[in-house]
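Chain by chain, the residues:
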Amino acid sequence: MMRLLLLPVALVLLAGCVRVNVHGDPAAYRRAMSDSDLRVATYNASLYADTAGGLVARLANGDADARKVAAVLQRVRPDVVLINEFDFDPDGRAADLFQRDYLEVAQPGGGAALRYPYRYFAPVNTGVASGLDLDGDGQVGAEGRAYGNDAWGYGLHPGQYGMLLLSRHPIDGARARTFQHLRWSALPDARRPVLPDGRPFHADAVWSQLRLSSKSHWDVPVRTPLGTVHMLASHPTPPVFDGPEDRNGRRNADEIRLWREYISPGAKPWLCDDAGACGGLPGDARFVILGDLNNDPADGDGLHEAVNALLGHPRVVRHPTPSSAGALAAARAAPAVHAGRGGNPAHGTGDFGGRVGVLRLDYALPSTGMRLAGTGVYWPAPGEPGADLVDGSDHRLVWVDLAP
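As the structure is a prediction and not an experimental result, all values here were calculated from the model.

## Looking at the pairing of strand S9 (residues 227-233)
Then, number 1: S9 sits mainly inside the fold: five of its seven residues count as buried.
Then, number 2: In the sheet, strand S8 (residues 218-224) pairs with S9 via seven bridges, with the strands oriented antiparallel. Bridging from a neighbouring strand, Val-222 pairs with Val-229 of S9.
Then, number 3: Relative to strand S10 (residues 286-292), S9 is paired through five bridges, and the arrangement is parallel.

Here it is, written out as structure tokens:
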């Protein structure tokens, strides 16, 4: 059950007209915004637990990482923010606790208390048993990692790694659309996983039931000072933890491709939401694509053409890639990991350990029809104010400032 609380034109943007590459204190820019501006952010906060109810317990007992996440949000102060990896619970208890005990309390190193009167919190596929052998090991997993591998999206319990959308502006819940149950095979020219000899990895009876979204895809309209803006939220599966069939890499690419299809013109009778309504987003709608897409444009695992095609879509505003001093410092601290890479490490949105390093995985991509006034990644360099907050998660918050 979902819980809900309370004239587009194409723009040609010059890099010099946009505040980008902000790696100092974004609060200074926030204070300069007018009441008609809108700051939208995405943040993989790593607020999850391996047991059902575990996140509620973490937050109820006081959690140091959650306090750092809240402090980052208090410094950046987005009007709308998608939080990835926030465990879903049907009663919304975790969201209640995070709002009351963390965001609404001034945190060390953060800013003033922050209140979001509206939120969107809905079920996801992670940890939901499929009853099928999805990983090809010959059996349906009953517990632990084997259970997670055969869930509709990898997870040890229903709702793990969920999503939470918080907003200062009213959410139009009656018009929200979810695509949790959309079948992967419904996507035209879907990248069906195949074995090295060309045989399908999944039997037809399994393939026909597989869900495309590893968590869910949401279209959540928010009534903002710029008019209604559709928040297109998702968190595609990591393109790893599979075999030569590349089932996770292919799924990641097609999860990203779903947004391309959704914002492109043309009749799409196959693109049906969980309520049975079919078709994509109207051509005059404004939107921001948000989430941890688990795909870097140049480096790491994954089919990079998927995210590059989304970045180059005609309805997505062209803008300089946000960068940060913190990302560059992290990459320079591990030169062996980053040697020979094709992308600019300053564009990274997280530091994923000694073997993976810095990658750009998190995106906030606005549509045409709004003026892009600024964009940034919250990742101060070591020693700068607020740098001690970023390790609350392995990802960093990414934001865009939008104006009429």
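## Some details on the sheet that holds strand S13 (residues 362-366)
Through backbone hydrogen bonds, the strands of a sheet pair up, either in parallel or in antiparallel fashion.
Then, number 1: Taken in spatial order, the five strands of this open sheet run S7-S8-S9-S10-S13, and their pairing is mixed. The two strands at the open ends of the sheet, each matched to only one other strand, are strand S7 (177-178) and S13.
Then, number 2: Relative to S13, S10 runs antiparallel, the two sharing five bridges. If you follow Gly-291 over to S13, its bridge partner there is Tyr-363.

## Some remarks on empty space enclosed by the protein
Then, number 1: Taken as a whole, the largest cavity encloses approximately 50 Å³ of empty space.
Then, number 2: If you trace the largest cavity, you find it lined by His-319, Thr-321, Pro-322, His-347, Thr-349, Arg-360, Asp-362, Tyr-363, Ala-364, Thr-375, Val-377 and Val-398.
Then, number 3: Elements that contribute at least two residues to the lining of the largest cavity include exactly S13 and strand S14 (371-377).
Then, number 4: Tallying contributions element by element places S13 first for the lining of the largest cavity, with three residues.
Then, number 5: Grouping the constituent residues of the lining of the largest cavity by class yields five nonpolar, five polar and two charged.

## A closer look at helix H3 (residues 64-76)
Then, number 1: If you check H3, its first and last C-alpha atoms are 19 Å apart, about what 13 residues at 1.5 Å a residue would give, namely 18 Å.
Then, number 2: Two to three positions downstream of the cap, the backbone nitrogen of Asp-65 sits 3.2 Å from a side-chain oxygen, assigning the N-cap of H3 to Asp-63.
Then, number 3: Looking at the residues trailing H3, positive phi occurs at Arg-77, about 55 degrees.

## Notes on helix H9 (residues 325-332)
Then, number 1: If you check which residues of H9 are buried, you get Gly-326, Ala-327, Ala-330 and Ala-331. Along H9, the residues classed as buried sweep out an arc of 135 degrees about the axis, all on the same side.
Then, number 2: Those residues of H9 hidden inside the fold are in contact with helix H10 (335-338), strand S11 (350-351) and strand S12 (358-359).

## Topic: the side chain of Arg-247
Then, number 1: Mapped onto the secondary structure, Arg-247 falls in helix H7 (residues 247-263).
Then, number 2: Judged by its relative accessible area of 14%, Arg-247 falls in the buried class.
Then, number 3: Separated by 2.6 Å, the side chains of Arg-247 and Glu-245 make a polar contact.
Then, number 4: The contact partners of Arg-247, leaving out residues within four places of it in the chain, are Leu-134, Asp-135, Trp-184, Pro-193, Phe-201, His-202, Phe-241 and Asp-242.

## Let's talk about the pattern of salt bridges
Then, number 1: As enumerated under the stated definition, the model contains 14 salt bridges in all.
Then, number 2: Salt-bridge contacts for Arg-115 lead to Glu-104; the nearest nitrogen and oxygen are separated by 3.7 Å. Of this pair, Arg-115 sits in the loop between helix H4 (93-103) and strand S5 (118-121) while Glu-104 sits in the loop between H4 and S5, and the two are eleven residues apart along the sequence.
Then, number 3: Of the residues examined, Arg-115 reaches a relative accessible area of 53% and is grouped as exposed.
Then, number 4: Judged by its relative accessible area of 33%, Glu-104 falls in the partly exposed class.

## What about unusual backbone geometry?
Then, number 1: Its identity as a non-glycine residue notwithstanding, Glu-85 has a phi of 55 degrees, on the positive side.
Then, number 2: Even without being a glycine, Phe-241 presents a positive backbone phi close to 65 degrees.
Then, number 3: Note that Phe-241 resides in the loop between S9 and H7.
Then, number 4: Note on Phe-241: relative accessible area 70%, which makes it exposed.

## Description of the nonpolar core
Then, number 1: Ranked by internal contacts, the top residues of the largest apolar core, which has 65 residues, are Leu-73, Phe-86 and Phe-98.
Then, number 2: It is H3 that provides the largest number of residues to this core, a total of seven residues.
Then, number 3: Once residues within four sequence positions are removed from consideration, Phe-98 is found in contact with Leu-47, Leu-59, Ala-66, Val-69, Ala-70, Leu-73, Ile-83, Phe-86 and Leu-103.
Then, number 4: Counting residues in hydrophobic clusters, the runner-up holds 32 residues, among them Leu-134, Leu-271, Leu-310 and Leu-311.

## Quick notes on the packing of H7 against helix H8 (residues 304-311)
Then, number 1: At a closest axis distance of 9 Å, the pairing of H7 and H8 adopts a crossing angle of 15 degrees. It follows that H7 is roughly parallel to H8 by the angle criterion. Here H7 runs over H8; the crossing is left-handed. Every residue of H8 that contacts H7 at Ala-253, Ile-256, Trp-259 and Arg-260 is listed here: Ala-306, Val-307, Ala-309 and Leu-310.
Then, number 2: Here the contact of H7 with H8 is built from residues that sort into seven nonpolar, no polar and one charged.

## Focus on the layout of surface pockets
Then, number 1: Empty space within the largest pocket amounts to approximately 1,200 Å³.
Then, number 2: When contributions to the lining of the largest pocket are tallied by element, the ones reaching two or more residues are strand S3 (38-47), helix H5 (144-149) and H7.
Then, number 3: Of the residues contributing to the lining of the largest pocket, the split by class is 16 nonpolar, 15 polar and 14 charged.
Then, number 4: In this structure, the second largest pocket occupies an estimated 200 Å³ of space.
Then, number 5: A per-class count over the lining of the second largest pocket returns six nonpolar, six polar and four charged.

## A word on the environment of Asp-50
Then, number 1: The residue Asp-50 is located in the loop between S3 and helix H2 (54-60) in this model.
Then, number 2: When the C-alpha positions of Asp-50 and Asp-87 are compared, they lie 9.6 Å apart, and in sequence the two are 37 residues distant.
Then, number 3: Beyond its immediate stretch of four places on either side in the chain, Asp-50 contacts Leu-156, His-157 and Gln-160.
Then, number 4: A distance of 3.0 Å separates polar atoms of two side chains, one belonging to Asp-50 and the other to Gln-160.

About the criteria used
Residues numbered from 1 in each chain as written. Predicted model: local features only at pLDDT ≥ 70, side-chain atom pairs only at ≥ 80, totals over all residues. Heavy atoms only, no water. Buried < 20%, exposed > 50% of the residue type's maximum accessible area, 1.4 Å probe, protein only. Helix = DSSP H or I, 4+ residues; strand = E, 2+ residues; numbered from the N terminus. Pairing = 2+ DSSP bridges. 1 Å grid on protein atoms, 1.4 Å probe; cavity = no way out; pocket = protein on both sides within 12 Å on 5 of 7 lines; lining within 4 Å. Points joined across faces, edges and corners; volume = space filled by probe spheres on them. Nonpolar A, V, L, I, M, F, W, Y, C, P; charged D, E, K, R; others polar. Expected span 1.5 Å × (residues − 1). Polar contact = N/O pair within 3.5 Å; in protein donor to acceptor, adjacent residues only side chain to side chain. Arc of directions from axis to C-beta. Contact = heavy atoms within 4.5 Å. Salt bridge = Lys/Arg side-chain N within 4 Å of Asp/Glu carboxyl O. Core = buried A, V, L, I, M, F, W, Y, C linked by side-chain atoms within 4.5 Å. Axes fitted to C-alpha atoms, helices over the stretch in contact; angles between N-to-C directions. Parallel < 35°, antiparallel > 145°, perpendicular 65-115°, else oblique. Left-handed = near helix turned anticlockwise from the far one by under 90°.

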